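Overview (structure and organization)
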Amino acid sequence: MAGILVADDNPSIRYLLRSFIESKTRFAVCGEAGHGSEAIEKAKQLHPDLILMDLRMPMLNGAEAAVVLKKMLPQIKIILFTMHADNIAKSLAAAVGIDLTLSKTDGLLKLDEHLNALLGPPPVRDTETPEARAVATQKPV
């Protein structure tokens, strides 16, 4: 199961995102941060697979933190989750190595889809029992 770090200065938004991720997706939240500097520190400690980060935060904003994070952990995926997912935010995001920009107003509707696209689809389960497999491989007499 992939670990996701949620970074937003609004505790209510962090709670909403954690609740959504842990109840509506196959992923788990491994940590939370209230500003960009804290997101960097938590990423150093936790090594998440993905950071879901707000653009406008105190200390360091999401774009500034993303530059540091991509240098420090280049394999990490970053989703910029913002009220301002316009062309400027998307251009800025692309320039600093952010993988995806989502609007807070409609981003939750497709968040599971985007997480799967960035982190990989769920593993295929082999539901066939060993007994059924043995019967299927037997040759008729």
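Preceding this paragraph is the structure being described.
Before going into details, it helps to say that this report is about the structure given with it.

Conventions we followed
- Residues numbered from 1 in each chain as written.
- Predicted model: local features only at pLDDT ≥ 70, side-chain atom pairs only at ≥ 80, totals over all residues.
- Heavy atoms only, no water.
- Helix = DSSP H or I, 4+ residues; strand = E, 2+ residues; numbered from the N terminus.
- Buried < 20%, exposed > 50% of the residue type's maximum accessible area, 1.4 Å probe, protein only.
- Polar contact = N/O pair within 3.5 Å; in protein donor to acceptor, adjacent residues only side chain to side chain.
- Contact = heavy atoms within 4.5 Å.
- Axes fitted to C-alpha atoms, helices over the stretch in contact; angles between N-to-C directions.
- Parallel < 35°, antiparallel > 145°, perpendicular 65-115°, else oblique.
- Left-handed = near helix turned anticlockwise from the far one by under 90°.
- Nonpolar A, V, L, I, M, F, W, Y, C, P; charged D, E, K, R; others polar.
- Core = buried A, V, L, I, M, F, W, Y, C linked by side-chain atoms within 4.5 Å.

Let's shift gears to the side chain of Lys 70. Position of Lys 70 relative to the elements: it lies in helix α3 (residues 62-72). On the accessibility criterion, Lys 70 (18% relative accessible area) is buried. In this structure the side chain of Lys 70 is engaged in a polar contact, spanning 2.6 Å, whose partner is the backbone oxygen of Ile 76. If near-sequence neighbours (up to four positions away) are discounted, Lys 70 is found in contact with Ile 76, Lys 77, Ile 78, Val 96, Gly 97 and Asp 99.

Below, the discussion takes up the packing of helix α2 (residues 36-46) against α3. Contact geometry for α2 and α3: axes closest at 9 Å, N-to-C directions at 15 degrees. Taken together, α2 and α3 sit at an angle that is classed as roughly parallel. Crossing handedness for the pair α2 and α3: right-handed. Here Gly 36, Ala 39, Ile 40, Ala 43 and Lys 44 of α2 come into contact with α3, specifically with Ala 65, Val 68, Leu 69 and Met 72. Considering only residue class, the contact of α2 with α3 consists of 7 nonpolar, 1 polar and 1 charged.

Quick look at the nonpolar core now. The biggest cluster of nonpolar side chains holds 21 residues, and the ones touching the most others in it are Ile 51, Met 53, Leu 69, Ile 78 and Ile 98. Contributing elements (two or more residues each) for this core: β1 (3-7), α2, β3 (50-53), α3, β4 (77-82) and α4 (87-96). Broken down by element, the residue count for this core peaks at 4 residues, all from α3. Apart from the residues within four sequence positions on either side, Met 53 is in contact with Ala 7, Ala 39, Gly 62, Ala 65, Ala 66, Leu 69, Ile 78, Ile 79, Leu 80 and Phe 81. Formed by 14 residues, the second largest nonpolar core is a distinct cluster that contains Ile 4, Val 29, Phe 81 and Leu 115.

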